[in-house]
Amino acid sequence: TKLSSAATNGDAATATGYPQKVAVAGATGRTGYLIVQELLKKQNVEVVGLVRNMTKAEEILPSKFNKIPYNPKLDLQKVDFTNPQKLGEAVQGCDAVIWAATGFTNDYDSSSSEKGETKPE
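Anyway, here's the lowdown on the structure attached to this text. One numbering rule holds for all chains: residues counted from 1, following each sequence as written. Per-residue local features are limited, in this predicted model, to residues with pLDDT of at least 70; the limit for side-chain atom pairs, both in listing and counting, is 80 or more; totals at the level of whole chains, interfaces and linings are taken over all residues. As a rule here, side-chain values come from all non-hydrogen atoms in the structure, and water together with hydrogens is ignored.

Moving on, we get to the overall build of the protein. Numbering goes from the N terminus for both helices and strands, where a helix is a DSSP run of H or I of at least four residues and a strand is a run of E of at least two. In terms of helices and strands, the protein carries five helices and four strands. In sequence order, the protein lays out its α and β elements as α-α-β-α-β-α-β-α-β. Going through the 121 residues of the protein one by one, you find that 37% of them count as buried. In the protein, 64% of the contacts between residues at least 6 apart in sequence involve partners at least 24 apart. Per-residue accessibility, obtained with a 1.4 Å probe over protein chains only, is compared with the maximum for each type, and a residue is labelled buried under 20%, exposed over 50%, and partly exposed between these values. Residue contacts are defined here by distance: any two heavy atoms, one from each residue, within 4.5 Å place the two residues in contact.

Strands in a sheet are paired, the pairing made by backbone hydrogen bonds, and the direction either parallel or antiparallel. Pairing between two strands is assigned when DSSP locates at least 2 bridges connecting them. Strand order in the open sheet formed by four strands is β3-β2-β1-β4, with parallel pairing between adjacent strands. The sheet is open, and its two edges are formed by β3 (74–78) and β4 (96–99), each paired on a single side. Looking at each pair of strands side by side, their axes are set apart by 20 degrees on average, direction ignored. Sheet analysis places strand β1 (residues 21–25) next to strand β2 (residues 46–51), joined by five bridges and oriented parallel. Note on β2: the bridge partner recorded for Ala 23 is Val 48. Those strands touched by helix α3 (residues 30–41) are β1, β2, β3 and β4, and its axis lies near 165 degrees from that of β1. Every axis in this analysis is a line fitted to C-alpha atoms, fitted for helices over the stretch in contact. Angles between the N-to-C directions lie between 0 and 180 degrees.

So this is what it looks like as structure tokens:
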């Protein structure tokens, strides 16, 4: 099985049943936020929170920028979800990606979300 072969190959991520590094697209949205919170409870899991609006992320997610207890297992990255190359770069090195981002279209300029013009996540 996948679990037993991973254990013999020393793949700790699969041997524990959880990936070691998980990217969550839409980490500040309702679903993405809950996913991030659950993943951070896992002992050997690091989370890459992919967000469009870093200001919003820094306000609601545990980061070194706010009063919510800092969690070194969470790395926040601002990403343009409509740019496949940038998105690919952001998930480089991740064992898994969870897509919870919603509320944008191809003609949406994600840089405008920093200027107060927000789209629902």
